[in-house]
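Listed below are the residues making up each chain.
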Amino acid sequence: MNPENASKTKEPVPPASSHGKRAMTASSILTTLAHGSAPFLSTFLVIHLSAPIAANIGGSRLASSIMLLGREYYQTTFGERYLLLLPFAIHVTSSIAKRVVLTLASNSSSPSSGPSTSDSDTTAQSEKPFTPKSRARFRKLTSLLSISAYAALFLFVPIHVATHRLLPAEADALVWSSSGANLDALGSSELDFEFVKTAIKTWPRRNWILYTGLVGSVLVHAAEGASIIYTRYIRGRVALPSRPSPRGSDRGLTRGNRRTIVIAGVAALLVLTGLWVVSREPTFAPSSVVRRCQVTMMGTWVYRM
């Protein structure tokens, strides 16, 4: 036996770098946090979207009643802080932190320009922390999960929260007309589907774009995330057969992508048809409430364009 080949055979495989181990450990913890906070957000989503879906049956009156009832879960002092805002903060920060950690670790482990890897290094290279198999969990920014998440996080959710939660309490300070009218803040009981109806009737195109974008991005992200959590925590434990993913799963619409779009599309259709039913009704709110609703919406740049 060639002693040179023997030395290569007996050479121990170098362990993964401590930086790579720390990155994988951090990634695992952040993934658990992101997945653990998801059920709280899903619960809020089901409760919140049940109101516009109910409008398909009972119009704005039934939708408003269900929405006001649902606020007992997510708009009390405890519920809003610990059942909505805290899980939301954990979900967002852990997901972004995971992407940053994996990006930095992937960049640090990328092969630099230099001598090509010999056959004897193949085994050692396969033991390094960020192999292609490990990178499969690092979803591209062009994936359905990422696109829907960032569209909702940086565009649709901030506008919706500002116009439907934060600005109504400041209606008296948001008078944009020169009349100097004294307007009171909108109370929580006045923030029902008359508010939504007024917004759609006053700015139909803008609000249909915003509501469709918000509902679509949130539901696509929820459906895709639910599929991931189901595959990770449930399917393997109940010994369900797994179907092999087609090659090039990051390109085009895979079977899972199509299923996600169909599920999200059906749910979004129910929500949007409920909003359409509301928009076709006459306005029941007093003119003073309608004026305060309009002033509230104009507190954001979207409605001042």
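The structure this text deals with has already been given above.
Predicted, not measured: the structure shown is a model, and the values here were computed from it.

Criteria and cut-off values
- Within each chain, residue numbers correspond to sequence positions counted from 1 in written order.
- Reporting of local features is limited, given that this is a predicted model, to residues whose pLDDT is at least 70; pairs of side-chain atoms are given and counted only at 80 or more, and all residues count toward the totals for whole chains, interfaces and linings.
- Excluding hydrogens and water, the side-chain figures rest on all heavy atoms present in the structure.
- With a 1.4 Å probe rolled over the protein chains alone, any residue whose accessible area is under 20% of its type maximum counts as buried; one over 50% counts as exposed, and the rest are partly exposed.
- Put simply, DSSP H or I for four residues or longer makes a helix, DSSP E for two residues or longer makes a strand, and each gets a number counted from the N terminus.
- Contacts are assigned to residue pairs that have any heavy atoms within 4.5 Å of one another.
- The pairing test for Phe, Tyr and Trp rings, Trp by its six-membered ring, is centres within 6.5 Å, and the orientation test on the planes gives stacked under 30 degrees, edge-to-face over 60, and tilted for anything in between.
- Two conditions define a charge located above a ring, namely a distance within 6 Å from the ring centre to NZ of Lys or CZ of Arg, and an angle within 35 degrees of the ring normal.
- Buried Ala, Val, Leu, Ile, Met, Phe, Trp, Tyr and Cys residues that are joined via side-chain atoms within 4.5 Å together make up what is termed a nonpolar core.
- Cavities and pockets were defined on a 1 Å grid built from protein atoms only: a cavity is a group of points that admits a 1.4 Å probe but offers it no way out, a pocket is an open group of points flanked by protein on both sides within 12 Å along at least five of seven lines, and a lining residue is one with an atom within 4 Å of any such point.
- Grid points are joined across faces, edges and corners, and a volume is the space filled by probe spheres set on the points.

Draft legend 1. A look at helix α10 (residues 287–297). Within α10 the residues assigned to the buried category are Val 289, Val 290, Arg 292, Cys 293, Val 295, Thr 296 and Met 297. Each element contacted by the buried residues of α10 is listed here: α6 (144–166), α7 (193–202) and α8 (204–235).

Draft legend 2. Geometry of the packing of aromatic side chains. Overall, the coordinates contain four aromatic pairs when judged by the stated rule. The ring of Phe 284 carries the charged tip of Arg 61 above its face, separated from the ring centre by 4.9 Å.

Draft legend 3. Layout of the nonpolar core. Within the largest apolar cluster, 16 residues are counted, with the highest numbers of intra-cluster contacts made by Leu 186, Phe 195, Leu 210, Met 297 and Tyr 303. The biggest single contributor to this core is α10, with four residues. One finds Phe 193, Val 196, Leu 275 and Val 278 within the second-largest nonpolar core, a separate group that totals 15 residues.

Draft legend 4. Structural detail: empty space enclosed by the protein. For the coordinates displayed, the defined rule picks out one cavity of 30 Å³ or more. Counted as a void, the largest cavity has a volume near 70 Å³. Around the largest cavity, the lining residues are Phe 156, Ile 159, His 160, Thr 163, His 164, Asn 207, Leu 210, Tyr 211, Leu 214 and Tyr 303. If you list the elements that add at least two residues to the lining of the largest cavity, you get α6 and α8. Ranked by residues supplied to the lining of the largest cavity, first place goes to α6 with five residues.

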